[in-house]
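So you can see what is in the structure, the chains are spelled out below.
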Amino acid sequence: MFIKCSEKSTPDLYKILIGSVVPRPIAWVSTVNASGLTNLAPFSFFNCFGVDPPMVGFAPGFKRIIKDENGGITKIPKDTLRNVQETSEFVVNIVSRSVAEKMNQTSAEFDAKTSEFDAVGLTAVKSELVKPPRVAESMVSFECKLIQVMQYGNNNLVLGEILAIHLDDKVVTAGGHIEPEVLQAVGRMAGSTYCTTADRFDLARPF
């Protein structure tokens with residue numbers, strides 16, 4: 001099968017991409033708006049993109065795209081994107097199996113005045129270098145400042161520099177590595193399916 005992307009609908013391309021690029025790590029992003037109201041939402045278009053300086057990126061879409069009768073288009077940003085653009089700060093919390101259900105609950109369409117922390121029963125902990133709080137129940141959290149928001153078509157790519165990292169002591173080995181058995185990081189598959197990093201194998205790098 002050969003697919004020319006320009007000839008496929010966006011929903012069809014979406015199904016192919018989320019079923020092919022798997023598993024996708026999840027950025028559980030906490031933000032605050034200009035008034036200080038907290039927001040928490042998951043994004044599976046996410047990864048780290050460098051270490052000098054440490055950098056992460058995630059892709060929040062638009063909440064709605066409205067076309068008027070004159071052909072004009074209004075793009076309503078998701079609360080996370082709007083908050084990042086207003087404050088230039090965010091926290092990426094890593095999702096472990098123990099909080100996967102709570103993470104899923106925060107993906108619901110809450111009113112902009114509702115804090116997902118309160119709505120689903122999570123603990124907001126004050127960050128050290130940025131205003132958005134981190135999720136206390138997450139074993140790894142990255143405090144980030146915005147580098148830039150790249151917009152292309154109806155896509156938004158948020159790039160941020162990691163300023164500080166919070167690690168639960170029990171996920172770190174004596175050598176400074178992360179214990180995958182303890183972290184039990186959750187990845188996103190297609191549809192409503194998720195996975196963990198339970199099945200792993202080693203391959204020596206060729207020289």
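For the structure itself, look to the data block above.
Below, the structure is looked at part by part. The shown structure was predicted, so the numbers you read here are calculated from the model rather than taken from an experiment.

Analysis parameters
Residues numbered from 1 in each chain as written. Predicted model: local features only at pLDDT ≥ 70, side-chain atom pairs only at ≥ 80, totals over all residues. Heavy atoms only, no water. Buried < 20%, exposed > 50% of the residue type's maximum accessible area, 1.4 Å probe, protein only. Helix = DSSP H or I, 4+ residues; strand = E, 2+ residues; numbered from the N terminus. Pairing = 2+ DSSP bridges. Axes fitted to C-alpha atoms, helices over the stretch in contact; angles between N-to-C directions. Core = buried A, V, L, I, M, F, W, Y, C linked by side-chain atoms within 4.5 Å. Contact = heavy atoms within 4.5 Å. Salt bridge = Lys/Arg side-chain N within 4 Å of Asp/Glu carboxyl O.

## Comments concerning helix α2 (residues 79-87)
- Taken residue by residue, α2 has D79, T80, L81, N83 and V84 as its buried positions.
- Positive phi shows up at S88, right after α2, with a value of about 65°.

## Focus: the sheet that holds strand β5 (residues 54-58)
- One open sheet holds the seven strands; their spatial order is β3-β2-β8-β11-β12-β5-β4, and the pairing between them is antiparallel. Every interior strand has two partners, whereas the edge strands, β3 (38-43) and β4 (46-51), have only one. Between one strand and the next, the sheet's axes are offset by a mean angle of 30°, whatever the strand orientation.
- Examined bridge by bridge, β4 and β5 share five bridges and lie antiparallel to one another.

## Let's talk about the nonpolar core
- Counting 22 residues, the largest nonpolar core has V56, F58, F90, V92 and F142 as its most contacted members.
- Only β2 (27-32), β3, β5, α2, β8 (89-94), β11 (140-152) and β12 (155-167) provide two or more residues apiece to this core.
- The element that contributes the greatest number of residues to this core is β11, accounting for four residues.
- Aside from chain neighbours lying at most four places away, what touches V92 is A27, W28, V29, F46, V56, V140, S141 and F142.
- Core analysis: the next-biggest nonpolar cluster, separate from the first, contains twelve residues, L40, V95, V99 and L122 among them.

## Quick look at the environment of V21
- Examined against the element boundaries, V21 turns out to sit in the loop between α1 (10-20) and β1 (24-25).
- Each C-alpha atom, one on V21 and one on A190, is 9.0 Å from the other, the two residues being 169 residues apart in sequence.

## A short note on the sheet that holds β1
- Within the open sheet, the three strands sit side by side as β1-β13-β14. Their pairing is antiparallel. Two strands close off the open sheet at either side, each with one partner strand: β1 and β14 (194-196).

## Regarding unusual backbone geometry
- Geometrically, the link from V22 to P23 is a cis peptide bond, its omega value of -15° lying close to zero.
- By the secondary structure assignment, P23 is in the loop between α1 and β1.
- The phi angle at S88 is positive, at roughly 65°, despite the residue not being glycine.
- Inspection of the secondary structure puts S88 in the loop between α2 and β8.
- Residue classification places S88 among the partly exposed positions, given a relative accessible area of 33%.
- Phi is positive for Q184, close to 50°, though the residue is something other than glycine.
- Following the sequence through the fold, Q184 ends up in the loop between α5 (180-183) and β13 (186-188).

## Overview of the pattern of salt bridges
- What the rule picks out here adds up to nine salt bridges.
- The salt bridge partner of D12 is K15, with a shortest N-O separation of 3.6 Å. Residue D12 and its partner K15 are located together in helix α1, separated by three residues, close to a single helical turn.
- The exposure class assigned to D12 is partly exposed, which follows from its relative accessible area of 27%.
- Exposure remark for K15: the relative accessible area of 56% places this residue in the exposed category.
- Counted as one network, the salt bridges with shared partners bring together K63, D79, R82 and E86.

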